[in-house]
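Descriptive analysis of the structure
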Amino acid sequence: MFILKGISQLEKAIAKAKKIRPRVEFDCFGRYRVSGSKGYYTVVCRKDERGYKTVACTCKGAERGLVCYHSVAALSLHIGLARRQETA
Ligand SMILES: [Zn+2]
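Right, let's walk through the structure included here.

What counts and how
- Residues numbered from 1 in each chain as written.
- Predicted model: local features only at pLDDT ≥ 70, side-chain atom pairs only at ≥ 80, totals over all residues.
- Heavy atoms only, no water.
- Helix = DSSP H or I, 4+ residues; strand = E, 2+ residues; numbered from the N terminus.
- Rg over C-alpha atoms; globule rule 2.2 N^0.38 Å.
- Buried < 20%, exposed > 50% of the residue type's maximum accessible area, 1.4 Å probe, protein only.
- Areas by Shrake-Rupley, 256 points an atom, 1.4 Å probe, with all protein chains shown as cover.
- Contact = heavy atoms within 4.5 Å.
- Salt bridge = Lys/Arg side-chain N within 4 Å of Asp/Glu carboxyl O.
- Donors = N, O, S within 2.8 Å, 3.2 Å for Na, K, Ca; no water.
- Tetrahedral: all angles 85-135°; square planar, octahedral: opposite > 155°, others 65-115°.
- Pairing = 2+ DSSP bridges.

A look at the overall build of the protein chain
When helices and strands are counted, the protein chain shows three helices and five strands. Tracing the protein chain from N to C terminus, the helices and strands come up as β-α-β-β-β-β-α-α. What you see for the protein chain is a C-alpha radius of gyration of 12 Å, in line with the 12 Å of a compact globule of 88 residues. Taking the principal axes of its C-alpha atoms as reference, the protein chain extends roughly 35 × 25 × 20 Å. The proportion of buried residues among the 88 residues of the protein chain is 33%. Carbon and sulfur atoms form 52% of the exposed surface of the protein chain, whose accessible area is close to 6,100 Å².

What to know about the side chain of His70
Relative to the assigned elements, His70 resides in helix 3 (residues 69-87). Apart from the residues lying within four places of it in its own chain, the contact partners of His70 are Val34, Ser35, Gly36, Tyr41, Val43, Cys57 and Cys59.

Quick word on the pattern of salt bridges
Close approach of charged atoms lets side chains of opposite charge pair. Counting across every chain of the model gives four salt bridges. Here Arg23 and Glu25 are joined by a salt bridge, their closest N and O atoms 3.5 Å apart. Among the residues examined, Arg23 registers a relative accessible area of 53% and is labelled exposed. For the salt bridge of Glu25 with Arg33, the shortest nitrogen-to-oxygen distance reads 3.1 Å. Taken together, the salt bridges that share partners define one network made up of Arg23, Glu25 and Arg33.

Considerations on the coordination of the zinc ion
Those donors, Cys57 (SG), Cys59 (SG), Cys68 (SG) and His70 (ND1), are the protein atoms that reach the zinc ion, and they lie 2.0 to 2.3 Å from it. Taken together, the four donor atoms surrounding the zinc ion define angles of 105 to 113° at the centre, an arrangement classified as tetrahedral. One chain supplies every donor for the zinc ion, spaced along it as C-x1-C-x8-C-x1-H. You can see Cys59 sitting in the loop between strand 5 (53-57) and helix 2 (60-63) and its partner His70 sitting in helix 3, a full 11 residues away along the chain. The pair Cys59 / His70 is uniform in exposure class, with both members buried.

Things to note about the pairing of strand 5
Pairing between strand 1 (residues 2-3) and strand 5: two bridges, direction antiparallel. Its bridge partner lying in strand 5, Phe2 is registered against Val55. Sheet topology note: the strand 4 (residues 39-47)/strand 5 ladder contains five bridges and is antiparallel. Among the inter-strand pairings, Lys47 is bridged to a residue of strand 5, identified as Lys53. What sits between the antiparallel neighbours strand 4 and strand 5 is a turn of five residues, in which Gly51 has the positive phi angle 90°.

Fair warning: the whole summary comes from geometry, so function is off the table for now.
Spelled out as structure tokens, the structure:
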């Protein structure tokens with residue numbers, strides 16, 4: 001799990017996601033399934049009680065606090081959906 005602070009922390013993972021192009025499946029708002037090397041991982045994007053945007057993925061890298069490409073792939077969908085909700 002990591003706290004989303006800015007786009008700069010995501011750059012490496014974005015580059016990787018662009019190369020690998022994982023499949024992102026919508027589960028419900030804030031919850032997505034992303035294809036990885038060993039099947040699907042679940043990514044949860046939410047605001048915690050202090051108002052921080054947190055992203056959690058079930059893969060090994062994210063367990064160690066790394067920004068994985070599954071997270072950014074899910075985030076790009078999540079951000080688009082969040083914007084749509086705000087404007088609706
Ligand atoms: Zn991951």
